[in-house]
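# Breakdown of the fold
Listed below are the residues making up each chain.
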Amino acid sequence: MKLDIDEADDVPLALALSEEEHRLLAELLTGRSDHRVAFHLDTSDRTVRRRVSDLMRRFGAPNRFTLGVMLGQLGLVRIRQRRPGSGAA
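### Details of the pattern of salt bridges
For side chains bearing opposite charge, pairing can occur when the charged atoms are close. Counted by the stated rule, this structure contains six salt bridges. For Glu27, the salt bridge identified is with Arg32, shortest N-O distance 2.4 Å. Exposure remark for Glu27: the relative accessible area of 15% places this residue in the buried category. Looking at Arg32, the relative accessible area reads 31%, which means it is partly exposed. Between Arg50 and Asp54 there is a salt bridge; the shortest N-O distance is 3.6 Å. Here the residue Arg50 and the residue Asp54 both occupy positions in helix α4 (residues 45–59), the gap between them amounting to four residues, near one helical turn. For Arg50, a relative accessible area of 45% translates into the label partly exposed. For Asp54, a relative accessible area of 31% gives the class partly exposed. Counted as one network, the salt bridges with shared partners bring together Arg50, Asp54 and Arg57.

If you want it as structure tokens, here you go:
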């Protein structure tokens, strides 16, 4: 979920995500590897790892999974549930 201008007033600036960060997180939520995310974002694997690390540090998350959970709880990302038969088990 992207922040609307009205919502941004209620969220500390340090927690607001840039458009670039939203794109990165959307790719990560697909379950793709860093390599595939980098390919889709037209950047390097190293840049993807650095950006994820920066987000983890900013939100105080010890790992990528926890980062996703935290961002979901804050309403900064929306995690879609898979429908039965729509992907790998």
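### A short note on the nonpolar core
Leu24, Leu25, Leu55, Phe59, Leu67 and Leu71 are the most contacted members of the largest nonpolar core, which has 16 residues in total. Mapped onto this core, the elements with two or more residues apiece are α2 (19–28), α3 (34–41), α4 and α5 (64–73). In terms of residues, this core owes the most to one element, α4, which gives five residues. Leave out the neighbours within four places in its chain, and Leu67 touches Val52, Leu55, Met56, Phe59 and Ala61.

### Side note on α4
Taking 1.5 Å of rise per residue, the 15 residues of α4 would be expected to cover 21 Å, and the 21 Å separating its terminal C-alpha atoms lies within 8% of that figure. Listed in full, the buried residues belonging to α4 are Thr47, Val48, Val52, Leu55, Met56 and Phe59. Buried-residue contacts for α4 involve α2, α3 and α5. The positive-phi residue at the C-terminal boundary of α4 is Gly60, with phi of around 70°.

### Observations concerning the packing of α3 against α4
The packing of two helices is summarised by the inter-axis angle and the distance between the axes. For the pair α3 and α4, the least separation of the axes is 8 Å and the interaxial angle reads 105°. The pairing of α3 with α4 is recorded here as roughly perpendicular in orientation. Taken together, the residues of α4 that come into contact with α3 (itself represented by Asp34, His35, Val37 and Ala38) are Asp45, Val48 and Arg49. Of the residues in the contact of α3 with α4, the class split is three nonpolar, one polar and three charged.

Cut-offs used in this document
- Residues numbered from 1 in each chain as written.
- Predicted model: local features only at pLDDT ≥ 70, side-chain atom pairs only at ≥ 80, totals over all residues.
- Heavy atoms only, no water.
- Salt bridge = Lys/Arg side-chain N within 4 Å of Asp/Glu carboxyl O.
- Buried < 20%, exposed > 50% of the residue type's maximum accessible area, 1.4 Å probe, protein only.
- Helix = DSSP H or I, 4+ residues; strand = E, 2+ residues; numbered from the N terminus.
- Core = buried A, V, L, I, M, F, W, Y, C linked by side-chain atoms within 4.5 Å.
- Contact = heavy atoms within 4.5 Å.
- Expected span 1.5 Å × (residues − 1).
- Axes fitted to C-alpha atoms, helices over the stretch in contact; angles between N-to-C directions.
- Parallel < 35°, antiparallel > 145°, perpendicular 65-115°, else oblique.
- Nonpolar A, V, L, I, M, F, W, Y, C, P; charged D, E, K, R; others polar.

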